[in-house]
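Per-entry structural report
Residues per chain, in single letters:
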Amino acid sequence: MKVTVVRDILEANDRLAAENRAHFDRLGIRVVNLMSAPGAGKTTLLERTVAALGKEKRIGVIEGDIQTSLDAERIERAGAQAVQINTNGACHLDANMIAAAAKELDLEALELLVVENVGNLVCPAEFKVGEHAKAMILSLAEGDDKPAKYPLMFHESSVLLINKMDLAPYVDASADRIEETARKINPSIEVIRASCKTGEGLEGWYRWLRSL
Ligand code: MG
Ligand code: ZN
């Protein structure tokens, strides 16, 4: 019984996500669903992205957090439109939340919309929000066992950004092992190694966004 309920919820969400995406398509907006564990560097990556691409692409961000508007404030300071969703405990964003939040943005003025999901390696991968592609960040400090332990997110993502490569001398995790396991789960995943702190390696991410 429980399984049926969960499936119904996901099917209803898929329908609404398809409506969101059709709406974004009519407006010519490309949408990325950005996912990771808490603290992997999603907001820092978006600050960098707005600074690097803000002149060539009109970027907006929907921030998902359980509490606070800290991240939306950071994005606004970086110079992009941002709206904050507080899920009040819910551990992922869904299509219904995105439909409501999108109304708070001046969509006509946007070309690229990034949805920064709630920090969580599990259910954000199951709930579509109306995106054209999913992207994920795994920071090196989280360990190289994460693709094997949380395969769905790696399976669903078009691109994996391995962040905090500047920590490589200080942690035991191997980026080669992360990449190898991720590719076993998802042979077509694009893997980018970068440091959002130093900016090194982010050209690959910008290239991916430009080609979206
Ligand atoms: Mg954040
Ligand atoms: Zn959840």
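Structural data are supplied above this passage.
The following refers to the structure shown. (Residues numbered from 1 in each chain as written. Chains lettered and ligands numbered in written order. Predicted model: local features only at pLDDT ≥ 70, side-chain atom pairs only at ≥ 80, totals over all residues. Heavy atoms only, no water.)

**Here's the deal with the nonpolar core**
Nonpolar side chains tend toward joint burial in soluble globular proteins. Membership of the largest hydrophobic core comes to 28 residues, with the highest contact counts inside it found for Leu34, Leu45, Leu161, Leu202, Trp205 and Trp208. Elements supplying a minimum of two residues to this core: β1 (30-35), α2 (42-53), β2 (59-65), α3 (70-78), β4 (112-116), β5 (133-139), β6 (159-163) and α8 (202-210). When residues in this core are grouped by element, the largest group, 5 residues, is from α8. (Core = buried A, V, L, I, M, F, W, Y, C linked by side-chain atoms within 4.5 Å. Buried < 20%, exposed > 50% of the residue type's maximum accessible area, 1.4 Å probe, protein only. Helix = DSSP H or I, 4+ residues; strand = E, 2+ residues; numbered from the N terminus.)

**Observations regarding the coordination of the zinc ion (ligand 2)**
Around the zinc ion (ligand 2), the protein contributes the donor atoms Cys91 (SG), His92 (ND1) and Cys123 (SG), at 2.0 to 2.2 Å from the metal centre. Sequence positions of the residues that donate to the zinc ion (ligand 2) give the spacing C-H-x30-C. Residue Cys91 is found in the loop between β3 (81-86) and α4 (95-102), and its partner Cys123 is found in the loop between β4 and β5; the two are separated by 32 residues along the sequence. Note on Cys91: relative accessible area 33%, which makes it partly exposed. (Donors = N, O, S within 2.8 Å, 3.2 Å for Na, K, Ca; no water.)

**With respect to the packing of aromatic side chains**
A full pass over the atoms with the stated rule returns 1 aromatic pair. With centroids separated by 5.5 Å and ring planes inclined at 20 degrees, the aromatic side chains of Trp205 and Trp208 adopt a geometry described as stacked. With Trp205 and Trp208 both in helix α8, this residue pair falls 3 residues apart, about one helical turn. By relative accessible area, Trp205 is classed as buried at 1%. Using a relative accessible area of 8% as the deciding quantity, one classes Trp208 as buried. (Phe/Tyr/Trp six-rings, centres within 6.5 Å; stacked < 30°, edge-to-face > 60°.)

**A few points about the side chain of Ser195**
In this structure, Ser195 sits in the loop between β7 (190-193) and α8. Within the structure, the side chain of Ser195 is placed 3.2 Å from the backbone nitrogen of Lys197, a separation counted as a polar contact. Within the local environment of Ser195, its side chain forms a polar contact with the backbone nitrogen of Thr198, the two atoms lying 3.1 Å apart. Here Ser195 is in contact with Asn163, Lys164, Met165, Asp166, Glu200 and Leu202, once residues within four sequence places are set aside. (Polar contact = N/O pair within 3.5 Å; in protein donor to acceptor, adjacent residues only side chain to side chain. Contact = heavy atoms within 4.5 Å.)

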